[in-house]
Amino acid sequence: MKNELNEIINECVRLSENLYLGTDKDEVDKEFQKLKNRHEFALSKTEYKSEELKPVYTLFLNSFNADFFALYSDLTITEISNTKYYQAGDNSILDFIDLPNIEEFSTDTTHRVKLNLQNDSIYLYLYKNSETHICFRAFSSSPFSTIDNFSKTADKLNSFILNLNNQSYDYTWFNSIINDKLINYKNDLFLFYYNFKKLYGIFSHLGIDTVEDIAEYIMNRINEKYPDAITVYQLSLEKVCVFFQNEVQDKRIVFEYNEIPIPYVMKKVLVKGSSKFEKLFEYIAED
């Protein structure tokens, strides 16, 4: 599996170089499509694991560096059992600057700090979040790099990680949100619970923006198919709850992206009174 994925990555690099050198775009697109299908087939033969997320974070950082004119950027995600670290750009820059103590920076906000770099200066952009336990850093000396743009990227990154790692959510908080939406419905409710378990595993190599677009497409399609739903609530990129006042027939929806089917499982759940929501979300969190 690992060798096969390495071959696919190397082939993607070759095709990107061909495109840059002027090879016909239609031909390159056809080859990319073949590689995409090969990648999805390779993933389907093995169980998806969280450690396979590295390519998408690295892709994100590389893309960010280009847009932000950053010389180097990195992302640290601290979890209960371990710490994951991703980087892109020239990390040798860390050897030439006197880095401040990250622990001294406040969380849930963005910072811009001027640092000395031999005979020049460079700016450190830093963001830490207390909920997702991430630390996102970037180094740039470009006048086109602004703390405003860095803040927007940091917010998007934090939101993405929150949606992806939904096991870290506070489902009591979700419970209160749902109760606010359904406060006028005192009787039992009927629920379709959709779980697109392999969504991220299949499409992560296309990047964060594409995965978010697919999640938005899923929501729009469900809303379109169930106009009589009380509310459609997206718990995460992969989990969606559709509430009804009465029991209804499911509609066997087909979801696909660029003619690639998006697999899912759907369960019908009877929610007995608002007091049962908390147990419902505990059940979903474990699924």
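Residues numbered from 1 in each chain as written. Predicted model: local features only at pLDDT ≥ 70, side-chain atom pairs only at ≥ 80, totals over all residues. Heavy atoms only, no water.

**Some words on the sheet that holds strand 6 (residues 189–195)**
Move 1: Taken in spatial order, the four strands line up as 7-8-6-11 in an open sheet, and their pairing is antiparallel. If you trace the sheet from one side to the other, it starts and ends with strand 7 (231–234) and strand 11 (265–271), each paired once. The mean angle between the axes of side-by-side strands here comes to 20°, regardless of whether they run parallel or antiparallel.
Move 2: Examined bridge by bridge, strand 6 and strand 11 share seven bridges and lie antiparallel to one another. Looking across to strand 11, one finds that Phe-192 is bridged to Lys-268.
Move 3: Strands strand 6, strand 7 and strand 8 (239–244) of the sheet are contacted by helix 7 (residues 208–225), whose axis makes an angle of about 165° with strand 7. (Pairing = 2+ DSSP bridges. Helix = DSSP H or I, 4+ residues; strand = E, 2+ residues; numbered from the N terminus. Axes fitted to C-alpha atoms, helices over the stretch in contact; angles between N-to-C directions. Contact = heavy atoms within 4.5 Å.)

**Digging into the pattern of salt bridges**
Move 1: Counted under the stated rule, the structure contains four salt bridges.
Move 2: Between Glu-224 and Arg-221 there is a salt bridge, and its shortest N-O distance comes to 3.5 Å. Of this pair, Glu-224 and Arg-221 both sit in helix 7, separated by three residues, roughly a single helical turn.
Move 3: Take Glu-224: its relative accessible area is 55%, and that puts it in the exposed class.
Move 4: Ionic pairing is found between Lys-268 and Asp-250, a salt bridge with its closest N-O pair at 3.2 Å. Of this pair, Lys-268 sits in strand 11 while Asp-250 is found in the loop between strand 8 and strand 9 (256–257), placing the two residues 18 residues apart along the sequence.
Move 5: Residue classification places Lys-268 among the partly exposed residues on the basis of a relative accessible area of 46%.
Move 6: One network of salt bridges, in which partners are shared, links Asp-250, Arg-252 and Lys-268. (Salt bridge = Lys/Arg side-chain N within 4 Å of Asp/Glu carboxyl O. Buried < 20%, exposed > 50% of the residue type's maximum accessible area, 1.4 Å probe, protein only.)

**Things to note about the nonpolar core**
Move 1: If you look at the biggest cluster of nonpolar residues, it comprises 47 residues, and the most contacted ones within it are Leu-75, Phe-136, Tyr-194, Ile-222, Tyr-226 and Val-242.
Move 2: When residues in this core are grouped by element, the largest group, seven residues, is from helix 7.
Move 3: If near-sequence neighbours (up to four positions away) are discounted, Tyr-226 is found in contact with Phe-192, Tyr-194, Val-242, Phe-244, Gln-249, Asp-250, Lys-251 and Ile-253.
Move 4: One finds Tyr-72, Leu-117, Leu-124 and Leu-126 within the second-largest nonpolar core, a separate group that totals eleven residues. (Core = buried A, V, L, I, M, F, W, Y, C linked by side-chain atoms within 4.5 Å.)

**As for helix 7**
Move 1: With 18 residues, helix 7 should cover 26 Å at 1.5 Å per step; its first-to-last C-alpha distance of 26 Å lies within 8% of that length.
Move 2: For helix 7, the full list of buried residues reads Ile-208, Thr-210, Val-211, Ile-214, Ala-215, Ile-218, Met-219 and Ile-222. (Expected span 1.5 Å × (residues − 1).)

**Points about the side chain of Thr-110**
Move 1: You can see Thr-110 is positioned in strand 3 (residues 109–117).
Move 2: In this structure Thr-110 comes out as buried when scored by relative accessible area, which is 18%.
Move 3: Each residue touching Thr-110, except ones within four places of it in the same chain, is listed here: Leu-126, Tyr-127, Ile-147, Phe-150, Ser-151 and Ala-154.

**What to know about the environment of Ser-140**
Move 1: Inspection of the secondary structure assignment puts Ser-140 in strand 5 (residues 134–140).
Move 2: On the basis of relative accessibility, which here comes to 1%, the residue Ser-140 falls in the buried class.
Move 3: One polar contact links the side chain of Ser-140 to the main-chain carbonyl oxygen of Phe-69, over a distance of 2.8 Å.
Move 4: One polar contact links the side chain of Ser-140 to the main-chain amide nitrogen of Ser-142, over a distance of 3.2 Å. (Polar contact = N/O pair within 3.5 Å; in protein donor to acceptor, adjacent residues only side chain to side chain.)

**Quick word on the environment of Glu-238**
Move 1: Within the secondary structure layout, Glu-238 lies in the loop between strand 7 and strand 8.
Move 2: Note on Glu-238: relative accessible area 15%, which makes it buried.
Move 3: Each C-alpha atom of the pair Glu-238 and Tyr-194 lies 7.9 Å from the other, and the pair is 44 residues apart in sequence.
Move 4: Sequence-distant contacts of Glu-238, defined by excluding residues within four places in its chain, comprise Tyr-194, Asn-195, Phe-196, Lys-197, Leu-199 and Tyr-200.

**A few points about the sheet that holds strand 2 (residues 83–89)**
Move 1: The sheet built from five strands is open, its strands ordered 2-1-5-4-3 with antiparallel pairing. Each having just a single partner strand, strand 2 and strand 3 make up the two edges of the open sheet. Each neighbouring strand pair of the sheet contributes to a mean axis angle of 15°, computed without reference to strand direction.

**Some words on the packing of aromatic side chains**
Think of a pair of aromatic rings as described by two things: how far the centres are apart, and how the planes are tilted against each other in angle.
Move 1: Tallied over the full model, the rule gives 23 aromatic pairs.
Move 2: Aromatic side chains Tyr-57 and Tyr-86 sit 4.7 Å apart centroid to centroid with 40° between the ring planes, which places their arrangement in the tilted category. Of this pair, Tyr-57 sits in helix 3 (residues 54–68) while Tyr-86 is found in strand 2, placing the two residues 29 residues apart along the sequence. Residues Tyr-57 and Tyr-86 agree in their burial class; the two are buried.
Move 3: Relative to Phe-196, the ring of Tyr-194 lies with its centre 6.2 Å away and its plane at 15°, an arrangement referred to as stacked.
Move 4: Its end group placed over the ring of Tyr-123, Arg-112 keeps NZ or CZ at 3.6 Å from the ring centre. (Phe/Tyr/Trp six-rings, centres within 6.5 Å; stacked < 30°, edge-to-face > 60°. Lys NZ or Arg CZ within 6 Å of the ring centre and 35° of its normal.)

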